[in-house]
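An overview of the molecular structure
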Amino acid sequence: MAAISRKGPSPGGRPDDASFTVRELLKLPQLEQARLAAGEKGLHAAVTRISVMATADVSSRVRAGEFLLAAGRTLREHPERFRLLITELAAKGASGIGVRKDRAAEEMPKEAAEEAEKHGFPLFELPPDLSFSDMIRSVMERLLARESVQLNELHGRMQAMTRLLLDGSGLFAFLDAMERMLGNPVAIVREQDKPLLSESLRSADSIESWPMVQMLARCQPGKAAGGGITLLQSACRVYASPLPARGTKPACLVLLERSRDISPLDALTVDRLAQLAGLELANIEAVRAVEGKYVDQFLQDWLSGKLFSDHDWKLRAEVCGCALPEQTPLCAVVAGLSEREPAPDKLREMARIIRSERLQTADAVLSAPIGGDLVLVVPVPEPGALHRLLDELRPLLQDEGLRLFAGRPAERPELLPSSLSQARRARQAAEACGLDGEIVTYDRLGVYSLLYLIPSGEERDQFLQRFSVPLQQADKRGGGRLVETLEMFFRCNGNIKLTSEKLYAHYNTVVYRLEKIQNILGISLDDPEDRLQLQLSLKLCHITPSPSGMG
């Protein structure tokens, strides 16, 4: 088990540093004869309450900051149980334990002392004549006096943070102010979404902050209903408080113990401010949902050609808050998702995520679901930028098989519908003809773009009847994978040995099939013109269904 992190004292001068600590507990007159057996590193821990431990099985009821008083006989008779109790109390954030001697010669179990020292958990030997009731009264008098000071400080904190939100400063300013107030970074962890981070985590070097961000992202706010102290894998303690659920996904406000210990007042502040953060987050998501509908409709009208003038486009873009560079050409990109025909709600959520994310490869990427496709409007990037954009989108959309299909750049906004048509044609051709590559642009289609323009009719049917259909019919009669062999032969640039390896077929088998193809069609594969006609017919078959009557 990882050692519990118990840092040194908080930097001075702050009101919540006036907490009643274990070190001050030792200064009480009743504890003049007490002895610290182990855990000196934890003497600065705050004491929030004190109670008597009647049985050894109390760890489930212990709260953070609680100091326990115990009679010695029960614990000393079961040293292994005593050791495990120390471990559990330290993990719960208890401030320490005092064990009263039953007689002067009694020794503290070695196992318990070693465990307490390991975790920096204060373990005291109390004098035999100590009255627990007198001890509790003395401690509670001091705690109540300090609580009144802390309540005043909490009231001041709440007023300051409420004013901040009422002034419209926003959620990030709220988190930054919390960090300055509490002396530790804070974050809002949301289910299935990136955490919102305060200033030090946002501005820190990625090597330093990324492991912490990953651990926060793995937190499950839906299970943090009770909040409280949690120990992350990095041995960093966090205090989490759930945000009120008002139609939003589960989320929690998290305080990370990095620069100073989390004090009881800090925890109470997080609990109170979680209510404000929840209201602000719900408001942001409600506004975002309304804005998203306007943006979706704007992009759908734009890309379907319903905006006929530059003035219409600028007016709608301004109303929807879509800031795209006017002097930079735009291109439409269709996202080729791994999931075929995703639900409309899923497409809308993906579009929202892309619009809300600050992408490094493009400053202003717009996205909307259009006709069953997830469509992006991207400022024409520098060479290679689409590949970097794809690298960002894959983890963002949680789709490692994502591909991008891009149309030609549109010099004017009203020409973007043509770019979308080209992007869709690039996707259709790539999927139908097996074009490789993570990025497929319309210009890369080459002859495929021309084949798409050939209208259905008698001429096309005759062309297919001459070259493709006889091979398809022969295959159906058991002709021996002739079409597959011919396609692989062309992909291998006419190399028969490589073709046989790709098909896992014997060299002579491939030679036999190629001779059969030439006999059926009455052509020669050595003739460049025949080879061109045959390749075009195979490609045309992929793009269009077989003509009627061709089987």
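Here is a short report on the structure shown in this document.

Quick notes on the rules
- Residues numbered from 1 in each chain as written.
- Predicted model: local features only at pLDDT ≥ 70, side-chain atom pairs only at ≥ 80, totals over all residues.
- Heavy atoms only, no water.
- Helix = DSSP H or I, 4+ residues; strand = E, 2+ residues; numbered from the N terminus.
- Buried < 20%, exposed > 50% of the residue type's maximum accessible area, 1.4 Å probe, protein only.
- Contact = heavy atoms within 4.5 Å.
- Areas by Shrake-Rupley, 256 points an atom, 1.4 Å probe, with all protein chains shown as cover.
- Salt bridge = Lys/Arg side-chain N within 4 Å of Asp/Glu carboxyl O.
- Pairing = 2+ DSSP bridges.
- Axes fitted to C-alpha atoms, helices over the stretch in contact; angles between N-to-C directions.
- Core = buried A, V, L, I, M, F, W, Y, C linked by side-chain atoms within 4.5 Å.
- Parallel < 35°, antiparallel > 145°, perpendicular 65-115°, else oblique.
- Nonpolar A, V, L, I, M, F, W, Y, C, P; charged D, E, K, R; others polar.
- Arc of directions from axis to C-beta.
- Phe/Tyr/Trp six-rings, centres within 6.5 Å; stacked < 30°, edge-to-face > 60°.
- Lys NZ or Arg CZ within 6 Å of the ring centre and 35° of its normal.
- Polar contact = N/O pair within 3.5 Å; in protein donor to acceptor, adjacent residues only side chain to side chain.

What follows is about the overall build of the chain. For the chain, the helix and strand inventory stands at 20 helices and 15 strands. In the chain, which comprises 551 residues, the proportion classed as buried is 47%. Taking as baseline every contact in the chain between residues at least 6 positions apart, the subset at least 24 positions apart corresponds to 68%. Total accessible area computed for the chain in this model is approximately 27,900 Å², and 51% of it derives from carbon and sulfur atoms.

Here the focus is the pattern of salt bridges. The tally for this structure, following the rule as stated, stands at 22 salt bridges. Here the residues in one salt-bridge network are Glu153, Arg157, Arg260 and Asp266, joined through shared partners.

Turning our eyes to something else, we now look at the sheet that holds strand β15 (residues 439–441). Hydrogen bonds between backbone atoms are what pair the strands of a sheet, whose relative direction is either parallel or antiparallel. In spatial order, the strands read β12-β13-β11-β14-β15; together these five strands make up an open sheet with mixed pairing. With one partner strand each, in any of the chains shown, β12 (366–370) and β15 form the two edges of the open sheet. On average, each strand axis in the sheet is tilted by 25° relative to the strand beside it, whichever way the strands run. Lying on the sheet, helix α11 (residues 344–356) is in contact with β12 and β13 (373–379); it crosses β12 at an angle near 170°. Sheet contacts for helix α12 (residues 385–397): β11 (330–336), β13, β14 (403–406) and β15; angle to β14, the most-contacted strand, approximately 135°.

This paragraph deals with the nonpolar core. If you look at the biggest cluster of nonpolar residues, it comprises 25 residues, and the most contacted ones within it are Met161, Phe174, Met178, Ile188, Leu243 and Leu253. If you list the elements that add at least two residues to this core, you get α5 (132–166), α6 (171–182), β6 (186–190), β10 (251–256) and α9 (264–303). Counting 23 residues, the second largest nonpolar core, distinct from the first, contains Ala335, Leu347, Val365 and Val378.

Before going further, it helps to spend a moment on the side chain of Ser367. With respect to the element layout, Ser367 can be found in strand β12. Those residues in contact with Ser367 that lie beyond four places of it in its chain are Asp296, Leu299, Ala351, Ile354, Arg355, Leu374, Val375 and Leu376.

It is worth spelling out the packing of helix α18 (residues 496–503) against helix α19 (residues 507–521) at this point. Taken N-terminus to C-terminus, the directions of α18 and α19 make an angle of 110°; their axes are 9 Å apart at the nearest point. The angle between α18 and α19 falls in the class roughly perpendicular. Residues Ile496, Lys497, Thr499, Ser500 and Leu503 of α18 touch α19, and the partners they reach there are Tyr507, Val510, Val511, Arg513 and Leu514. Looking at the contact of α18 with α19 residue by residue, the class counts come to six nonpolar, two polar and two charged.

With that settled, consider helix α4 (residues 110–119). Each full turn of the α-helix corresponds to 3.6 residues, which orients residues three or four apart in the same direction. The complete set of buried residues in α4 reads Ala112, Ala113, Glu115, Ala116 and His119. The arc that holds every buried residue of α4, seen down its axis, measures 165°, which confines them to one face. Buried residues in α4 make contact with β1 (35–38), α3 (79–92) and β5 (123–126). After α4 finishes, the residue Gly120 shows a positive phi value of roughly 60°.

What the rule picks out here adds up to three aromatic pairs. Here Phe489 and Phe490 contribute two aromatic rings whose centre-to-centre distance is 5.8 Å and whose plane-to-plane angle is 55°, an arrangement assigned as tilted. Overall, Phe489 belongs to the buried group, its relative accessible area being 5%. Across the ring face of Phe132, the terminal group of Arg100 is positioned such that the distance to the ring centre comes to 4.1 Å. Above the plane of the ring of Phe467 lies Arg466, whose end atom (NZ or CZ) is 4.7 Å from the centre.

Further remarks concern unusual backbone geometry. Both trends apply: most residues other than glycine have a negative phi, and most peptide bonds are in trans. Even without being a glycine, Glu341 presents a positive backbone phi close to 50°. Mapped onto the fold, Glu341 is located in the loop between β11 and α11. Taking the relative accessible area as the measure of exposure, Glu341 reaches 78% and is therefore exposed.

Every buried residue of α18 is accounted for by Thr499, Ser500 and Leu503. All buried residues of α18 fall inside an arc of 100° around its axis, so they share one side. Packed against the buried residues of α18 are α17 (482–491) and α19. Of the residues flanking the start of α18, the one acting as N-cap is Asn495, its side-chain oxygen 3.1 Å from the backbone nitrogen of Lys497.

Here β12 lies mainly inside the structure; five of its five residues are buried. Neither face of β12 is open: one carries Leu366, Ala368 and Ile370, the other Ser367 and Pro369, and all of them are buried. As judged from the five bridges shared by β12 and β13, these two strands associate in the antiparallel manner. Counted as the bridge partner of Ile370 is Asp373 from β13. The antiparallel pairing of β12 with β13 creates a hairpin that spans two residues between the two strands, and Gly371 there sits at a positive phi of about 55°.

Let's shift gears to the pairing of β5. The two faces of β5 match: Leu123 and Glu125 on one face and Phe124 and Leu126 on the other face are all buried. Of the pairings in the sheet, the one linking β1 to β5 comprises three bridges and is antiparallel in character. Residue Leu36 lies in a different strand from β5, and its bridge partner there is Phe124.

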